Amino acid sequence: MTTTSPIRLPALAEHSALWEGRARNVLTWRRPFLQGVNWSDPPFATWFADGELNVSENCLDRHVAAGIGDRIAIYWEGEPGDRVQFTYRELLAEVCRAANAFATLGIGKGDRVVIYLPLIPEAIIAMLACARIGAIHSVVFAGFSPQSLRARVDDAGAKLVITADGGIRKGKVTPLKGAVDEALTEAQSVEHVLVVQRTSGERGERLNLETGSAWMPEGVGWRPGRDMWWHEVLDAESSVHEPEAFAAETPLFILYTSGTTGAPKGIVHTSAGYLTQAVFTHSTVFDLRPESDVYWCTADVGWITGHSYVVYGPLANGATQVIYEGAPDTPHHARWWELVERYRVSIFYTAPTAIRTFMRLGRQLADPYDLSSLRVLGSVGEPINPEAWEWFRDNVGGGGTPVIDTWWQTETGAVMAAPGVHQEVFKPGSVQHPVSGVHLSVVRDDGTPTAHDEIGFLVAELPWPSMARGIWGDPDRFVDTYWSRFPGRYFTGDSALVDSDGDLWLRGRVDDVMNVAGHRLSTAEIEATLGAHPYVAESAVVGAFDEKSGQAVVAFVVLKDSQRAAAGEDAHAVTVLRTWVRDQIGAIASPRQILVVPDLPKTRSGKIMRRLLRNAAEDRPVGDVTTLSDTSIMAVISARLAAGHTED
Ligand code: WTA
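Values in this document were obtained by computation on a predicted structure and should not be read as measured data.

Participant: Help me out: how do you make sense of the overall build of the protein in this one?
Facilitator: Across its full length, the protein carries 20 helices and 31 strands. In terms of overall dimensions, the protein is globule-like: its C-alpha atoms have a radius of gyration of 24 Å, near the 26 Å expected for 648 residues. Along the first, second and third principal axes, the C-alpha atoms of the protein reach 70 × 60 × 50 Å. About 24,000 Å² of surface is accessible on the protein, with carbon and sulfur atoms providing 51% of the total. Positive and negative side-chain charges in the protein, numbering 58 and 80 respectively, have mean positions lying 1 Å apart.

Written as structure tokens, this is what we have:
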């Protein structure tokens, strides 16, 4: 539970016993464990350490053995409309081929494999094949630049890189192999590059793509000996592969995530504890019924959500899922609703930013589609404002579906807090409580519990099975970043409050907490207020340096298309919104500046990059925009800010 004072925690043995029972229930073990958690060397936990299992066997073989090999594991649809489906039996055969191929290429236990692929079935097959042979995968989102890819390949010391000739996004082909060639140099650890044919060869011809040699930019080409076609290598291999048993703490993957400094952190997750919590939460948080549900999580496998809730959770649960390669607006804005109707999706897990985009476009888009199959909706990645929550439930969910707001992080591996799917009353905007077996608290700077409704720091009190085991190659950074601010507790970096009912509300990253004239203000709170005004589709608030008050509130707002006429001139909308914020929260929260902008700077996973906005608002160089989904938006925003200054 989330606690304010006094903190009551179970004894460690009791806490461990709860998860031990689940680990036995939800996983198939080769060698049963006797040990639960070992927390004798915090913050480096182990779970079930003397047990052995194979993660890929848990996702595939055991379902075939249980007689559900003919169940569809994946309905995959490409952006141009091509479709492929895999039963569990078929997926197993492909993963076996890939595992055999990797072994032939000299990849074994503990070797690192970087996966730089679009959201195509091969990405999942490659991940599971690594797991099957004890290799450690590191998926790098295919939208990252060659420089980012290179930094990750080097940090991980990868021996094998798996990519595709190209990726398809918004109707265009991006030359992924070219990016890999640019990223890799002679001196690197990489011995082989496997290239999936997505946009050239037969597949490209079938799709009518204008490919030519798009994947080979000038001056870089095929390196014989290093580069091989995925299909040629796999075709030569057997579809049978005996999975080896690995110790529970065998590293499963490294996933790089950005920290407060420039260098990305390689978050390390291991096998059995991670899988236990991913499987348990996927099943309970969404009330999964694997025999009848069709599940769809819109995340890319390049992010943690794609790892835990596209690959490991759903497949280990024997679920049937939809995976869509492309952009939600290609070739039309209702593409997602078309897919929900076609596959009769019943559980749909997405991000607030997508929901707000659909809100802005209007509900009429969904009207022609039958969304009645949906019974559970989920949200992750950012605080969801109550308006977006209600819009999602009413317009996508037909009014009756629960919207499960799930809070968690790359570092936590799996969902940590979410409302119960069966509860009768929900609180839009609140994640409500930790999942059973997770213990969170909200504390003050000095570590004492906050009072009700007081914003503080969200921490975890006890180790949990899917917790990060470290930062690759940098144990000190792991200790410093997460475990030193509140000794003995995991510091999430998020602010939160517990209301008088004991329900948990996330209030944004701590670095997004502003201090205006000695008052602590949350960016998320002001954003929620702006979001509650009918004009506003989306907003981002930052605390910018201010001579008078230390920090001042600067708000960037995107107006709803449907409200443009009502809002009138931007200057009028700004006046209305400033008064609104003052009226809703108080004069202290009144923004120094409100800027109407066409869009917000977002990463490709949909996170708003408030840091860039803060830099712009403080007249500093904006910083690296290469990870944004629209790299030009900051220039537009900076120009508007500059124009605003001269008007002042
Ligand atoms: C934020 C994504 C409020 C939070 C799974 C966290 C959320 C960071 C929520 C982790 C939510 C995620 N409500 N905030 N439901 N979910 N966050 O590592 O700030 O990409 O620390 O993991 O996203 O982002 P990450």
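Participant: Would you mind going over the site of the ligand with me for this structure?
Facilitator: The full set close to the ligand counts 16 residues, and D405, T406, T410, D494 and R509 are the nearest of them. One of the backbone nitrogen or oxygen atoms of G381 is found 3.0 Å away from a nitrogen atom of the ligand. Isolated, the ligand exposes 530 Å² of accessible area, and the fraction of that covered by the protein chains is 89%. A per-class count over the shell around the ligand returns six nonpolar, five polar and five charged.

Participant: I tried to follow the packing of helix α10 (residues 272-285) against helix α11 (residues 304-316) on my own but got confused; where do I start?
Facilitator: The description of two helices packed together rests on the angle between their axes and the distance between the axes. Direction vectors running N to C along α10 and α11 enclose 85 degrees, while the axes themselves pass 8 Å from each other. Considered as vectors, α10 and α11 are oriented roughly perpendicular to each other. Counted together, Y274, L275, A278, V279, T281 and H282 of α10 and H307, S308, Y309, Y312, G313, P314 and A316 of α11 form the full contact between these two elements. Classifying every residue of the contact of α10 with α11 gives eight nonpolar, five polar and no charged.

Participant: For this particular structure, what's the right way to read the state of the cysteines?
Facilitator: A covalent bond between the sulfur atoms of two cysteines is what we call a disulfide. Applying the stated criterion across every chain yields a total of zero disulfides. Free of any disulfide, C130 has its nearest neighbouring cysteine sulfur in C59, separated by 13 Å. Relative accessible area serves as the criterion here: at 0%, C130 is assigned to the buried category. The structure places no disulfide on C297, whose sulfur is separated from the nearest cysteine sulfur, that of C59, by 15 Å. On the basis of relative accessible area, C297 is assigned to the buried category, the value being 4%.

Participant: What exactly am I supposed to notice about the pattern of salt bridges here?
Facilitator: The tally for this structure, following the rule as stated, stands at 42 salt bridges. For the salt bridge of D370 with R344, the shortest nitrogen-to-oxygen distance reads 3.2 Å. Linking D370 in the loop between α13 (352-361) and β20 (376-380) with R344 in the loop between α12 (335-343) and β19 (347-350), this pair joins segments that are 26 residues apart in sequence. K602 is paired through a salt bridge with E538; the nearest N and O atoms lie 3.0 Å apart. Remark: E538 occurs in strand β29 (residues 536-546) and K602 occurs in the loop between β31 (593-596) and α19 (610-617); sequence separation between them is 64 residues. As far as burial versus exposure is concerned, K602 and E538 are alike and both buried.

Participant: Looking at this structure, I do not really get unusual backbone geometry. What am I missing?
Facilitator: Leaving glycine out, the prevailing phi sign among residues is negative, and the prevailing peptide bond configuration is trans. Cis peptide bonds are those with omega within 30 degrees of zero, and the linkage from P42 to P43 qualifies with 5 degrees. Within the secondary structure, P43 is located in the loop between β2 (37-38) and β3 (46-47). For D287, which is not a glycine, the phi torsion comes out positive at approximately 55 degrees. Of note, R344 is a non-glycine position whose phi angle comes to about 55 degrees, a positive value. For R344, a relative accessible area of 39% puts it in the partly exposed group.

Participant: Would you mind going over the domain arrangement of the protein with me for this structure?
Facilitator: The parts lose accessible area when they come together, and the size of an interface is often stated as this lost area. Its domain assignment divides the protein into domain 1 (12-493) and domain 2 (517-642). Just the C-alpha atoms count here: the centres of domain 1 and domain 2 sit 31 Å apart. Counting residues at the interface gives 17 residues for domain 1, matched by 22 residues for domain 2. A combined buried area of about 1,600 Å² lies between domain 1 and domain 2, and 52% of that area is made up of carbon and sulfur atoms. Of the charged contacts, one joins R610 and E382 as a salt bridge, the two residues approaching to 3.8 Å between their closest N and O atoms. Summed over the shared surface of domain 1 and domain 2, the number is four residue pairs in polar contact (both at pLDDT 80 or more). Secondary structure elements with two or more residues in the side of domain 1 that touches domain 2: α13 and β23 (456-460). Residues that form the side of domain 1 that touches domain 2 fall into these classes: seven nonpolar, six polar and four charged.

Participant: Looking at this structure, how should I read the side chain of Q409?
Facilitator: Within the secondary structure, Q409 sits in the loop between β21 (403-406) and β22 (440-443). Looking at Q409, the relative accessible area reads 8%, which means it is buried. At a separation of 2.7 Å, a polar atom in the side chain of Q409 contacts the side chain of Y490. A polar atom in the side chain of Q409 sits 2.7 Å from the backbone oxygen of T492. Not counting chain neighbours up to four residues away, the residues in contact with Q409 comprise I304, Y490, T492, D494 and R509.

Participant: Looking at this structure, how should I read the nonpolar core?
Facilitator: F102, I162, W230, Y312, W337 and L504 are the most contacted members of the largest nonpolar core, which has 160 residues in total. Of all the elements, helix α5 (residues 121-133) adds the most residues to this core, at 10 residues. Ignoring sequence-local partners within four residues, the contact set of F102 consists of I107, A126, A129, C130, I133, L160, I162, L194 and W230. V554, V597, I608 and L641 belong to the second-largest nonpolar core, a separate cluster that totals 21 residues.

How each quantity is defined
Residues numbered from 1 in each chain as written. Predicted model: local features only at pLDDT ≥ 70, side-chain atom pairs only at ≥ 80, totals over all residues. Heavy atoms only, no water. Helix = DSSP H or I, 4+ residues; strand = E, 2+ residues; numbered from the N terminus. Rg over C-alpha atoms; globule rule 2.2 N^0.38 Å. Areas by Shrake-Rupley, 256 points an atom, 1.4 Å probe, with all protein chains shown as cover. Lys, Arg positive; Asp, Glu negative; His and termini not counted. Charge placed at Lys NZ, Arg CZ, Asp CG, Glu CD. Near = heavy atom within 4 Å. Polar contact = N/O pair within 3.5 Å; in protein donor to acceptor, adjacent residues only side chain to side chain. Nonpolar A, V, L, I, M, F, W, Y, C, P; charged D, E, K, R; others polar. Axes fitted to C-alpha atoms, helices over the stretch in contact; angles between N-to-C directions. Parallel < 35°, antiparallel > 145°, perpendicular 65-115°, else oblique. Contact = heavy atoms within 4.5 Å. Disulfide = S-S within 2.5 Å. Buried < 20%, exposed > 50% of the residue type's maximum accessible area, 1.4 Å probe, protein only. Salt bridge = Lys/Arg side-chain N within 4 Å of Asp/Glu carboxyl O. Domains from an automatic or database assignment. Buried area = accessible area lost by both parts, 1.4 Å probe. Core = buried A, V, L, I, M, F, W, Y, C linked by side-chain atoms within 4.5 Å.

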